[in-house]
Amino acid sequence: AAVPALTRALNEELRWQVRQQSARALGQIATRPAVDALGRALTDSDPTVRYSAARALGEVGGTESMDLLHEAYSSEKDALPRGQLQASLRRAARR
């Protein structure tokens, strides 16, 4: 029940702070739908949300998270999320 509400907030909420907190919560839930939502958040308009999504995926780990992180890293230009993508790739590889 929480994943659809958090996913909706992550996709539709105008305030970046709410999207950021939704990404953090989805990372703790770590289900397949949560990972899918976090993957989409890696292209959010706000770099702080992209940072939080990358961090959450690094904590989840697994092949799907690694694939999403690699794909986002190749196109991310902003230093804040790019640095977290790199750290999350290292963390996910250890999980």
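Nothing here was measured: the structure is a model prediction, and the numbers come from that model.

## Focus: the overall build of the protein
A count of helices and strands for the protein gives 6 helices and 0 strands. Taken over the C-alpha trace, the protein has a radius of gyration of 12 Å; the compact-globule value for 95 residues is 12 Å, and the two agree within 12%. Taken across its 95 residues, the protein has 42% of its residues classed as buried. The long-range fraction of contacts in the protein, counting pairs at least 24 apart against all pairs at least 6 apart in sequence, stands at 58%. A total of about 5,300 Å² of accessible surface is found on the protein, and carbon and sulfur atoms cover 51% of it.

## Remarks on the packing of helix 1 (residues 2–12) against helix 2 (residues 16–29)
Axis separation between helix 1 and helix 2 bottoms out at 8 Å; the angle between their running directions is 145 degrees. As helix 1 packs across helix 2, the resulting crossing turns out to be left-handed. Packed against helix 1, whose contacting residues are Ala2, Val3, Leu6, Thr7, Ala9 and Leu10, the element helix 2 presents Val18, Arg19, Ser22, Ala23, Ala25, Leu26 and Ile29 at the interface. For the contact of helix 1 with helix 2, the residue count by class is 10 nonpolar, 2 polar and 1 charged.

## Concerning the environment of Gly83
Within the secondary structure layout, Gly83 lies in helix 6 (residues 79–94). Under the relative-accessibility criterion, Gly83 is labelled partly exposed at 35%.

## Considering the pattern of salt bridges
Across all of its chains, the model carries 6 salt bridges by this definition. Residue Glu76 pairs with Arg50 through a salt bridge whose shortest N-O separation is 2.8 Å. Highlighted residues: Glu76 in the loop between helix 5 (63–75) and helix 6 and Arg50 in helix 4 (residues 47–60), separated in sequence by 26 residues. On the accessibility criterion, Arg50 (11% relative accessible area) is buried. Glu59 serves as the salt-bridge partner of Arg55, at 3.4 Å between the closest nitrogen and oxygen. With Arg55 and Glu59 both in helix 4 and 4 residues apart, this pair spans about one turn of that helix.

## Focus: the environment of Val18
For Val18, the position within the fold is in helix 2. Residues Val18 and Ala30, spaced 12 residues apart in sequence, show a C-alpha to C-alpha distance of 18 Å. Ignoring anything within four residues of it in the chain, the contact list for Val18 reads Ala9 and Glu13.

## Digging into the nonpolar core
Core analysis: the biggest nonpolar cluster contains 22 residues, and Leu10, Leu26, Leu38, Leu42, Leu57, Leu69 and Leu85 have the highest contact counts within it. When contributions to this core are tallied by element, the ones reaching two or more residues are helix 1, helix 2, helix 3 (32–41), helix 4, helix 5 and helix 6.

## Points about the environment of Ile29
Here Ile29 shows up in helix 2. Sequence-wise, Ile29 and Glu71 are 42 residues apart; in three dimensions their C-alpha atoms are separated by 22 Å. Ignoring sequence-local partners within four residues, the contact set of Ile29 consists of Ala2, Val3 and Leu6.

Calculation notes
- Residues numbered from 1 in each chain as written.
- Predicted model: local features only at pLDDT ≥ 70, side-chain atom pairs only at ≥ 80, totals over all residues.
- Heavy atoms only, no water.
- Helix = DSSP H or I, 4+ residues; strand = E, 2+ residues; numbered from the N terminus.
- Rg over C-alpha atoms; globule rule 2.2 N^0.38 Å.
- Buried < 20%, exposed > 50% of the residue type's maximum accessible area, 1.4 Å probe, protein only.
- Contact = heavy atoms within 4.5 Å.
- Areas by Shrake-Rupley, 256 points an atom, 1.4 Å probe, with all protein chains shown as cover.
- Axes fitted to C-alpha atoms, helices over the stretch in contact; angles between N-to-C directions.
- Left-handed = near helix turned anticlockwise from the far one by under 90°.
- Nonpolar A, V, L, I, M, F, W, Y, C, P; charged D, E, K, R; others polar.
- Salt bridge = Lys/Arg side-chain N within 4 Å of Asp/Glu carboxyl O.
- Core = buried A, V, L, I, M, F, W, Y, C linked by side-chain atoms within 4.5 Å.

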